[in-house]
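Per-entry structural report
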2 protein chains.
Amino acid sequence: MTNQRKPRGPYRKSAQRREQILQAAYEAVDEYGERASLHDIAARVGVTQPALTYYFPTRDELLIAVLERWDVQGRALAGASGEDQSMIDGMVAGTRHTTDHPGLAKLFVTLSAAATDPESPAHGFFAERYRTLAAEVTRDVEEKQRAGAIRADEPAEHLARAVIAVLNGLQLQWMHDPAVDMAAIAETFTRMLAPPGGTGGAQEPEQPPIGP
Amino acid sequence: MTNQRKPRGPYRKSAQRREQILQAAYEAVDEYGERASLHDIAARVGVTQPALTYYFPTRDELLIAVLERWDVQGRALAGASGEDQSMIDGMVAGTRHTTDHPGLAKLFVTLSAAATDPESPAHGFFAERYRTLAAEVTRDVEEKQRAGAIRADEPAEHLARAVIAVLNGLQLQWMHDPAVDMAAIAETFTRMLAPPGGTGGAQEPEQPPIGP
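The structure presented is a predicted model; accordingly, all values stated were derived computationally and were not measured.

**A few points about the pattern of salt bridges**
By the definition in use, this model includes 22 salt bridges over all chains. The partner of B:E154 in a salt bridge is A:R191, with the nearest N and O atoms 2.6 Å apart. With B:E154 in the loop between helix 7 (123–146) and helix 8 (156–176) and A:R191 in helix 9 (residues 182–192), the pair connects residues from two separate chains. In this structure, B:E154 and A:R191 share a single accessibility class: buried. B:E128 serves as the salt-bridge partner of B:R131, at 3.2 Å between the closest nitrogen and oxygen. A residue pair is termed a helical-turn pair when its members lie 3 or 4 positions apart in one helix, as B:R131 and B:E128 do in helix 7 at 3 residues. A residue is classified by how much of its surface remains accessible, and B:R131, at 48% relative accessible area, is partly exposed.

Right, here's the structure in full:
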């Protein structure tokens, strides 16, 4: 991934070492969450802690790199459902990305909240991340509105930001109570994205209406 | 508020002092967010820091009390729209509760994220808070489903948890980018709660459909 131009010699070795450290950090956070120690990460790769800080000068830089990787994987997972699929697959994949990796999900929420402070080292990463994500999801919603698969009576950007908000908010609820069924609630939400009136390729609800 | 039984003498004085400290902490957090200092809070009341810790032994206990107060006010604001109103008023009031008090909103998100850790001092508060809130909003949704104001083709609890998730998630996006129009997106979301087909007292969208 980091060797797009296939460099050789010392640089390649350096890039490989960086990649090893990043992967070890990813696995350590996946396992222990925010408590993953630099000591443990260095030990996994077989380097000293000073060697580790040569590649990632601060703990925050390493954690942000871990989150970037997690984010890329999450988008790949959501995108793997393909252009012609409903948004349901992407959202359910998004919830699975959370529930399968609680350590990473927790780090994401904690850092994301702390990063609203402009002085936080992760501030730039998250500000850019939300901007890019909102733009991407908005384009996706626009396409699906044109195809009649998503309601076109509301602005695409509002729907896109609501999608992102629901996933973030459900993640928070699930972290406080693992019994919260994120995937089922996300499915309810995707059905609310269908055009009102139930035409135009909208999915019919599978759950029976609940009565008084 | 804390004197429901109108105690007299020393206890009443003690309760008043506690209330003064809590109110000062509330105002300090409202103004400076999480950076509000105990020193500043004590100075606002005119007590020493040790006196302050007599009432709130730890900083966390004081911050949780501040958030409880903020939460109570938020619910009062949302509830003030009344039984016979649409959910729009409640949700828009909820977004205003955030945008009018960024310091408190930020503290809420940061502590809420940190409190997913069972060892966090705020863990119990937030776990209970989400449970209670989800139950309350679910009851509200059930009533509105019976009245035909909210779609009854999805489980009330799913809709309720989606409402809470959208508000939390939008708050996070808004804190990263104050240009995000929380109120407008919340309004889009409330229209998605309307029964599909547009009957049964649902509000018609005010915004024109956006085309390709």
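**Structural notes on the confidence of the model for chain A**
Residues and elements named next belong to chain A. The predicted model of chain A averages 84 in pLDDT, with 83% of residues at 70 or higher. Per-element confidence in chain A is highest for helix 9, whose mean pLDDT is 94, and lowest for helix 5 (residues 87–99), whose mean pLDDT is 79. When the criterion is pLDDT under 50, residues 199–212 qualifies, and its contacts beyond four places in sequence or with other chains add up to 29 contacts.

**What to know about the relation of the copies chain A and chain B**
Rotating chain A by 180° and translating it 0.0 Å along the rotation axis places it on chain B, where the RMSD comes to 0.0 Å. Taken together, the rotation and translation relating the two chain copies correspond to the operation of a two-fold axis. In this assembly the copies share their binding face: 100% of the residues contributing to the interface of chain A also contribute to that of chain B.

**Describing the interface of chain A and chain B**
On the side of chain B, 52 residues touch chain A, which itself brings 52 residues to the contact. The junction of chain A with chain B conceals about 4,600 Å² of combined surface from both sides, 64% of it contributed by carbon and sulfur atoms. A salt bridge links A:R35 to B:D117; its shortest N-O distance comes to 2.9 Å. In this structure, the connection of chain A to chain B is made through 12 residue pairs in polar contact (both at pLDDT 80 or more). Among the secondary structure elements, those contributing two or more residues to the side of chain A that touches chain B are helix 6 (102–114), helix 7 (123–146), helix 8 (156–176) and helix 9 of chain A. Taken together, the residues of the side of chain A that touches chain B sort by class into 29 nonpolar, 12 polar and 11 charged.

How each quantity is defined
- Residues numbered from 1 in each chain as written.
- Chains lettered and ligands numbered in written order.
- Predicted model: local features only at pLDDT ≥ 70, side-chain atom pairs only at ≥ 80, totals over all residues.
- Heavy atoms only, no water.
- Salt bridge = Lys/Arg side-chain N within 4 Å of Asp/Glu carboxyl O.
- Helix = DSSP H or I, 4+ residues; strand = E, 2+ residues; numbered from the N terminus.
- Buried < 20%, exposed > 50% of the residue type's maximum accessible area, 1.4 Å probe, protein only.
- pLDDT = per-residue confidence, 0-100.
- Contact = heavy atoms within 4.5 Å.
- Least-squares fit on C-alpha atoms with pLDDT ≥ 70 in both.
- Buried area = accessible area lost by both parts, 1.4 Å probe.
- Polar contact = N/O pair within 3.5 Å; in protein donor to acceptor, adjacent residues only side chain to side chain.
- Nonpolar A, V, L, I, M, F, W, Y, C, P; charged D, E, K, R; others polar.

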